[in-house]
Amino acid sequence: EDIITLAGQGSKKKAEIAVESDAEVKRFLGRIATARGVDLEAWETGLRTVVLAAGARFLEAMLSGMGTGRQAEGVLCSCGIRMQSVGIRPKRLMTILGEVNLSRSWFVCPECGEGCSALDKALDIAGTGFSPGLRRLMARAGSRFLEVP
């Protein structure tokens, strides 16, 4: 079983095992084990990179299929008209773990032409390609450069 398969099963313990067995992580750990000399900074940086990449793949798998299929309730436009589904649309999302790809149902208002995704609204990513967690980190980083009188 791989990390993507296990992510869909929703088991935290299985996900932890999947990260441990992820091929990329294993390759990196193998390189560390056979490396001559100790370079702690390189190990930290490399391990952080592969673990974040595994996390991004896991997150992508968790989100897979969430925004597709029939909606329990109709999606209403801001003008009050029921929107119509026009199929599945892809979206790239930058997260604190890295980039993930989403597929979600897209709805368009037959009256005013406004489009939206119910999943984008639910995940607080409507109108942006950045996750809420990454937006918070970006705001913190930006606030460090603000001058306070």
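Scope of this entry: the structure provided in the associated data block. Here the structure is a predicted model, which is why all the values come from computation and not from measurement. (Residues numbered from 1 in each chain as written. Predicted model: local features only at pLDDT ≥ 70, side-chain atom pairs only at ≥ 80, totals over all residues. Heavy atoms only, no water.)

Side note on the overall build of the protein chain
The line we're drawing: Where helices and strands are cited, they refer to DSSP runs of H or I of at least four residues and of E of at least two residues respectively, numbered from the N terminus.
Along its length, the protein chain carries six helices and three strands. The helix and strand sequence of the protein chain, counted from the amino end, reads α-α-α-α-β-β-β-α-α.

Remarks on the pairing of strand 2 (residues 98-108)
This is how it is decided: In this scheme, strands are said to pair when DSSP sees at least two bridges between them.
Relative to strand 2, strand 1 (residues 84-95) runs antiparallel, the two being bridged by 10 bridges. Bridged to Arg-89 within strand 2 is Arg-104. Connecting strand 1 to the next strand, strand 2, in antiparallel fashion are two residues. The pairing of strand 2 with strand 3 (residues 115-116) spans two bridges and is antiparallel. Opposite Phe-107, over in strand 3, you have Cys-116 as the bridge partner. Following strand 2, the chain reverses through six residues before pairing antiparallel with strand 3; Gly-113 in that reversal takes a positive phi of roughly 85 degrees.

Considering the pattern of salt bridges
Heads up, the condition is: The term salt bridge refers to a pairing of a side-chain nitrogen on Lys or Arg with a carboxyl oxygen on Asp or Glu at a separation within 4 Å. Classification of residues uses two cut-offs on accessible area relative to the type maximum, computed with a 1.4 Å probe and protein chains only: under 20% is buried, over 50% is exposed, and between them is partly exposed.
With the rule as written, the count across this model stands at four salt bridges. Across the pair Asp-120 and Lys-91 runs a salt bridge whose closest N-O atoms are separated by 3.2 Å. Of this pair, Asp-120 sits in helix 5 (residues 118-123) while Lys-91 sits in strand 1, and the two are 29 residues apart along the sequence. Lys-91 matches Asp-120 in its accessibility class, with the two residues each being buried. A salt bridge links Glu-99 to Arg-92, with the nearest nitrogen and oxygen atoms 3.9 Å apart. Classification of Glu-99 as partly exposed rests on a relative accessible area of 42%.

Let's talk about helix 3 (residues 23-34)
The condition is simple: The span one expects for a helix is its residue count, reduced by one, times 1.5 Å. Starting at the helix axis, one direction is taken to each C-beta atom, and the arc is that of these directions.
For helix 3, which comprises 12 residues, the first-to-last C-alpha distance of 17 Å matches the rise-based estimate of 16 Å (1.5 Å per residue) to within 8%. For helix 3, every residue scored as buried is listed here: Val-25, Phe-28 and Ile-32. Buried residues of helix 3, viewed axially, fall in a sector of 65 degrees; they line one side. Opposite the buried face of helix 3, at more than 90 degrees from it, the exposed residues are Lys-26, Arg-27, Arg-31, Ala-33 and Thr-34.

Regarding the side chain of Thr-128
To keep things clear, this is the line we draw: Contacts described as polar in this section are N or O atom pairs within 3.5 Å, which, within protein, must combine one atom able to donate a hydrogen with one able to accept it, while residues neighboring in sequence count only if both atoms come from side chains. Contacts were defined at the residue level, with two residues in contact if any of their heavy atoms lie within 4.5 Å.
Within the element layout of this structure, Thr-128 appears in the loop between helix 5 and helix 6 (132-143). In terms of polar contacts, Thr-128 uses its side chain to reach the backbone amide nitrogen of Phe-130, at 3.2 Å. Excluding residues within four positions of it along the chain, Thr-128 makes contact with Lys-91 and Arg-135.

Section: the sheet that holds strand 1
In a beta sheet, neighbouring strands pair by backbone hydrogen bonds and run either parallel or antiparallel. What counts, and what does not: Note on definitions: angles span 0 to 180 degrees between N-to-C directions of axes, and those axes are lines fitted to C-alpha atoms, for helices only across the stretch in contact.
As summarised here, the arrangement of the three strands in space is 1-2-3, forming an open sheet in which the pairing is antiparallel. Each edge of the sheet is formed by a strand with only one pairing partner; in this case those strands are strand 1 and strand 3. Here helix 4 (residues 40-63) sits on the sheet in contact with strand 1 and strand 2, set at roughly 15 degrees to strand 2.

Note that every value here comes from positions in space, so none of it alone points to a role or purpose.
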